[in-house]
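Listed below are the residues making up each chain.
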Amino acid sequence: MNRQSRRFMKSVRKRGNGQLDARGKDTLDIMMSAAVAHHEAGDMVVALAEYNDILELYPDHPDALSNSGFIMPHLGDIESALPCLRRAAELAPGDASIRNNLGMVLKSAGLFNEAATELRRALAINPALTLVYINLGTVLHKLHKPDEAAEMNRKALSTARDDPTTLTNLAATFQGSGQREAAEESLAKALAINPNHAEALSSRGFLYCFKGDSRPP
Amino acid sequence: MIDFSAAVAAEPRFANAYFGLGNAQSEIGDSEAAITAYREAVKYNPVHANACLALSKLLRDEGRLREVIPLL
């Protein structure tokens, strides 16, 4: 935490009423941006410490709760993650991203039915979220509901941007969760847009290798 | 194999595609072509651990131990 943040925390503690003036809001935004930047850069330990700094000031900050809850399982702590994410979802019931994070951590905890419920709630809030369809498809796959999983994959493909790189990444996600047919479909769509897309070609090559067939169809 | 060849034609510095190409060539028994492909993968990504490992194994199997040493 930098000197400005420390001074800000001290002043908030002194006031003790939890209210932020404009300068305080700016400082909080800066603290949140720094934490998110570390989070996105994969520096989970630093990001979690920074989210905790924010939560020390504002225990009910929904994004800090959600993001710290999403990081904790990466650091081996699923137990602490769930209360954080459930609290975040209570505080911001209309936030699809928080529902998605909660769903994914429930999935990591092996609570697949609850995970599916939260991911469906996320989609009820925002039906255009490709990532949530993918995540729900993965959870339904775990629940041995292949038809429903395939339906979610179709929706993921229909909402994905018509961009070969996005579709190739989508294929990698499908492949990672053992859904090879969906991966093939996604790569076919990417290569229909750009037949020379190197990443998509290479990914399709690896897909066939994993299937034990080094020849293309 | 055609996919990997097309990938490296489209992106000639794409290490992972060379790695895939090496795997496919190794699978059909074309060790020399596989070694060349793995070497390309390592050239464009010197920390591509899987390519380094596959190249080392193949060179060892071919009895070319001296060529393995720089890869260690």
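Residues numbered from 1 in each chain as written. Chains lettered and ligands numbered in written order. Predicted model: local features only at pLDDT ≥ 70, side-chain atom pairs only at ≥ 80, totals over all residues. Heavy atoms only, no water.

Secondary structure summary: chain A contains 12 helices and zero strands in total. Each of the 217 residues in chain A was classed as buried or not, and the buried ones make up 44%. Across chain A, the fraction of contacts at a sequence separation of at least 24, relative to all contacts at a separation of at least 6, is 47%. Carbon and sulfur atoms form 51% of the exposed surface of chain A, whose accessible area is close to 11300 Å². (Helix = DSSP H or I, 4+ residues; strand = E, 2+ residues; numbered from the N terminus. Buried < 20%, exposed > 50% of the residue type's maximum accessible area, 1.4 Å probe, protein only. Contact = heavy atoms within 4.5 Å. Areas by Shrake-Rupley, 256 points an atom, 1.4 Å probe, with all protein chains shown as cover.)

So, on to the layout of surface pockets. All names here are of chain A. Roughly 210 Å³ of volume is contained in the largest pocket. Secondary-structure elements contributing two or more residues to the lining of the largest pocket are helix H9 (146-159) and helix H11 (180-193). The residue inventory of the lining of the largest pocket, partitioned by class, reads four nonpolar, four polar and four charged. Considered as a void within the structure, the second largest pocket measures approximately 150 Å³ in volume. Surrounding the second largest pocket, Asn67, Ala96, Ser97, Asn100, Asn101, Asn126, Leu129, Leu131 and Val132 form its lining. Among the secondary structure elements, those contributing two or more residues to the lining of the second largest pocket are helix H6 (96-108) and helix H8 (130-142). The greatest single-element share of the lining of the second largest pocket, amounting to four residues, is contributed by H6. When grouped by side-chain class, the residues that make up the lining of the second largest pocket number four nonpolar, five polar and no charged. (1 Å grid on protein atoms, 1.4 Å probe; cavity = no way out; pocket = protein on both sides within 12 Å on 5 of 7 lines; lining within 4 Å. Points joined across faces, edges and corners; volume = space filled by probe spheres on them. Nonpolar A, V, L, I, M, F, W, Y, C, P; charged D, E, K, R; others polar.)

A few words on the side chain of Ser186(A). Residues and elements named next belong to chain A. With respect to the helices and strands, the residue serine 186 is situated in helix H11. The class for serine 186 is buried, based on a relative accessible area of 0%. Of the polar contacts made by the side chain of serine 186, one reaches the backbone oxygen of leucine 167; its length is 2.7 Å. Sequence-distant contacts of serine 186, defined by excluding residues within four places in its chain, comprise Leu157, Leu167, Leu170, Ala171 and Phe174. (Polar contact = N/O pair within 3.5 Å; in protein donor to acceptor, adjacent residues only side chain to side chain.)

All names here are of chain A. Residue histidine 144 is not a glycine yet carries a positive backbone phi of 60 degrees. Here histidine 144 shows up in the loop between H8 and H9. Using a relative accessible area of 69% as the deciding quantity, one classes histidine 144 as exposed.

So, on to the confidence of the model for chain B. Looking at chain B, the pLDDT average stands at 91 and 100% of residues meet or exceed 70. Reported for the predicted complex are a pTM of 0.64 and an ipTM of 0.78. (pLDDT = per-residue confidence, 0-100.)

On to H8(A). All names here are of chain A. Taking 1.5 Å as the rise per residue, H8 with 13 residues should run 18 Å; its terminal C-alpha atoms sit 19 Å apart, in good agreement. Listed as buried for H8 are Thr130, Val132, Tyr133, Ile134, Asn135, Leu136, Gly137, Thr138, Val139 and Leu140. In this structure, the buried residues of H8 make contact with H6, helix H7 (112-125), H9 and helix H10 (164-176). Following H8 by one or two positions, histidine 144 adopts a phi angle in the positive range, close to 60 degrees. (Expected span 1.5 Å × (residues − 1).)

Before going further, it helps to spend a moment on the pattern of salt bridges. Scanning the entire structure with this criterion turns up 15 salt bridges over all chains. We note a salt bridge from Arg99(A) to Glu118(A), for which the minimum N-O separation is 2.8 Å. With Arg99(A) in helix H6 and Glu118(A) in helix H7, the pair connects residues that are 19 residues apart, well separated along the chain. The two residues Arg99(A) and Glu118(A) agree in class, both being buried. Linking Arg64(B) and Glu32(B) is a salt bridge whose minimum nitrogen-to-oxygen distance equals 3.0 Å. In this pair, Arg64(B) sits in the loop between helix H4 (49-61) and helix H5 (65-68) while Glu32(B) sits in helix H3 (residues 31-44), placing the two residues 32 residues apart along the sequence. Residue Glu32(B) is classed as partly exposed on the basis of its relative accessible area, which comes to 43%. Through salt bridges that share partners, Glu32(B), Arg39(B), Arg64(B) and Glu67(B) make up one connected network. (Salt bridge = Lys/Arg side-chain N within 4 Å of Asp/Glu carboxyl O.)

Looking now at the environment of Lys57(B). All names here are of chain B. Examined against the element boundaries, lysine 57 turns out to sit in helix H4. According to the relative accessible area criterion, lysine 57 is partly exposed, its value standing at 44%. A sequence separation of 11 residues divides lysine 57 from valine 68, and the C-alpha atoms of the two residues are 8.3 Å apart.

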